[in-house]
Amino acid sequence: MAARHGDEDGPGSGSGPASHPTSSASASASTGSAGSGLASGPASGSGRPASASGSEGSGSGSAGSGSEGSAPGGSASASASEGPETIKPITLDDIRGAQKTLSGISRLTALEGSRYLSGLVGSPVHLKCENLQRTGSFKLRGGYVRISGLSPEERAAGVVAASAGNHAQGVALAASLLGVRSTVFMPEGAPLPKIAATRDYGAEVRLRGQIVDETMRAAQEYAERTGAVFIHPFDHPDIIAGQGTVGLEILEQCPEVRTVVVGIGGGGLAAGIAVAVKALRPDVRVVGVQAEGAAAYPPSLAAGRPVSIEAPVTMADGIKVGRPGDVPFQIIDDLVDEVRTVTEDELSSALLLCLERAKLVVEPAGASPVAALLSAPESFEGPVVAVLSGGNVDPLLMQRILRHGMAAAGRYLSLRLRLTDRPGALATLLGVLSTLDANVLDVSHVRTNPRLGLSEAEVELHLETKGTGHCEEVREALRGAGYTVMA
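Residues numbered from 1 in each chain as written. Predicted model: local features only at pLDDT ≥ 70, side-chain atom pairs only at ≥ 80, totals over all residues. Heavy atoms only, no water.

Attention now moves to the nonpolar core. One finds Ile147, Val159, Ile273 and Val387 to be the most contacted residues of the largest nonpolar core, which totals 68 residues. Among the elements that make up this core, the one with the highest residue count is helix α10 (residues 268–280) (ten residues). The residues contacting valine 387, other than those within four sequence positions of it, are Lys128, Val246, Ile250, Val260, Val261, Val262, Leu269, Ile273, Gly366 and Pro369. Counting residues in hydrophobic clusters, the runner-up holds 38 residues, among them Val121, Leu127, Ala367 and Phe380. (Core = buried A, V, L, I, M, F, W, Y, C linked by side-chain atoms within 4.5 Å. Buried < 20%, exposed > 50% of the residue type's maximum accessible area, 1.4 Å probe, protein only. Helix = DSSP H or I, 4+ residues; strand = E, 2+ residues; numbered from the N terminus. Contact = heavy atoms within 4.5 Å.)

This is how it looks when you write it as structure tokens:
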């Protein structure tokens, strides 16, 4: 293992310009047993085992198509609480069955080409737009498959989930579509738009705890007390089978793909995609991406078992998970070729790029694959598909992230200056900046501060600039004009 250190009715239901007919995916499928999701055989370019080849024939179809196979909730319905050693491996047939279950429920999301990223990588790069899925993320897929596999008695007891946003909305909509009562526990500090959306999708929302771990415990206690079925966000075979339908769609829309890049939190999406892709195309590399401050998979893979990390910290709350799930961990350990990490600056820059270049609103977790491409574009073999897993981002957080992303790209500069406190001094400073073609966004002028002399004033400036070179040019010009630049 190499480890480097929506809205329900939103747009984007088409396959996009990079889509291909299903028959193309059929032609590219490897031969073998369609029902084997975890088997031996090395993957091309990887020292770790790949899944067995899939049967000849279409790996997918439209969002609702798929060959006959075991329905989710049948061969892959064991509870994660039983322990990984008792769970039957998730197979290609399970994922095809999930695709059939999702017919008319989930969208076949667009696969959009990115000319900018293609230029960096040196080969075609496509964006799989799960941010345009119903509820704004891929989570509806797994949630619907899991709840649809419940018995009539389990459905009558209702379902309960815990989430800061995406899983909450996916479970709420899935339960409503299936006529099942849902209760969703969310952290007390969850963004108001996500709370409102979850309620609008039909769930009863209860706010508990300051962090998701506390919220999760509250939901599990509720399940034990009431008999409601707890819907785990990633640690269940049916959830993984549902998320794996993204992999089938990728092979349908881009049969020539060589690398799939996907963000990893608990691991459900990456595991599902890996089973689907490796079963049909064992030569395709699957690369997982984690936020540097919440990267539980590298130490877990090194230890050979899920390992908890304390106090994960990242703006990407969708992949902010302190411990891998037992079920996805086994699959990722077997099938994912590499797990990389990205910094907060790289996440901010990726989100900004998605917004400016691709015109796509993507949350930080969803932008993590793009961050990985930006950090080391030469290391990916193309064609590449980067999975944009979600687009649910609080507007206030988006504002902060965009400013952070602009700063990381050298397009936003914050400075503190000392100048003589006399009439016209501030106007003179702004005149100097105007000659440097730096756009002034905010000015804060301080005269009374213990650290200032009697004749001094301090000015804090926020400037829009043209890049890192322009930032340094502005600093040097201000120093040359006699100003003391503090930051």
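A full pass over the atoms with the stated rule returns two aromatic pairs. Ring plane angle 25 degrees and centroid distance 6.1 Å describe the contact between tyrosine 297 and phenylalanine 329, whose orientation is recorded as stacked. Here tyrosine 297, found in helix α11 (residues 297–303), pairs with phenylalanine 329, found in helix α12 (residues 326–335); they are 32 residues apart in sequence, far enough to count as distant. Here the basic side chain of arginine 340 rests over the ring of phenylalanine 380, its NZ or CZ set 4.4 Å away from the ring centre. (Phe/Tyr/Trp six-rings, centres within 6.5 Å; stacked < 30°, edge-to-face > 60°. Lys NZ or Arg CZ within 6 Å of the ring centre and 35° of its normal.)

Applying the stated criterion across every chain, the model contains 15 salt bridges. In this structure, aspartate 317 and lysine 194 form a salt bridge, with 3.6 Å as the shortest nitrogen-oxygen distance. Of this pair, aspartate 317 sits in the loop between α11 and α12 while lysine 194 sits in helix α7 (residues 192–200), and the two are 123 residues apart along the sequence. For aspartate 317, a relative accessible area of 33% translates into the label partly exposed. On the basis of relative accessible area, lysine 194 is assigned to the buried category, the value being 7%. Connected through salt bridges with shared partners, the residues Lys128, Glu130, Arg141 and Glu249 form a single ionic network. (Salt bridge = Lys/Arg side-chain N within 4 Å of Asp/Glu carboxyl O.)

What follows covers helix α6 (residues 166–178). In a regular helix each residue adds 1.5 Å, so 13 residues correspond to 18 Å; α6 covers 18 Å between its end C-alpha atoms and thus fits that length. The buried fraction of α6 amounts to eleven of the 13 residues, a majority that puts the element mostly inside the structure. Here α6 has its buried residues at Asn166, His167, Ala168, Gln169, Gly170, Val171, Ala172, Leu173, Ala174, Ala175 and Leu178. (Expected span 1.5 Å × (residues − 1).)

Sheet strands line up and pair through hydrogen bonds in the backbone, either parallel or antiparallel. Strands sit in the order β6-β5-β4-β7 across an open sheet of four strands; the sheet is parallel. In this open sheet, the two strands that pair with only one neighbour each are β6 (204–207) and β7 (229–230). Strands in contact with α6 are β4 (159–162) and β5 (182–186); relative to β4, the strand with the most contacts, it is inclined by about 165 degrees. (Pairing = 2+ DSSP bridges. Axes fitted to C-alpha atoms, helices over the stretch in contact; angles between N-to-C directions.)

A few words on the environment of glycine 322. Looking at where glycine 322 falls in the secondary structure, it is placed in the loop between α11 and α12. Once residues within four sequence positions are removed from consideration, glycine 322 is found in contact with Ala296, Val307, Ser308, Ile309 and Pro312.

For the bond from glycine 382 to proline 383, the omega torsion is 0 degrees, close enough to zero to count as cis. The phi angle at alanine 311 is positive, at roughly 50 degrees, despite the residue not being glycine. Note on placement: alanine 311 falls in the loop between α11 and α12. Even without being a glycine, lysine 359 presents a positive backbone phi close to 60 degrees. Mapped onto the elements, lysine 359 comes out in the loop between α13 (344–356) and α14 (368–375).

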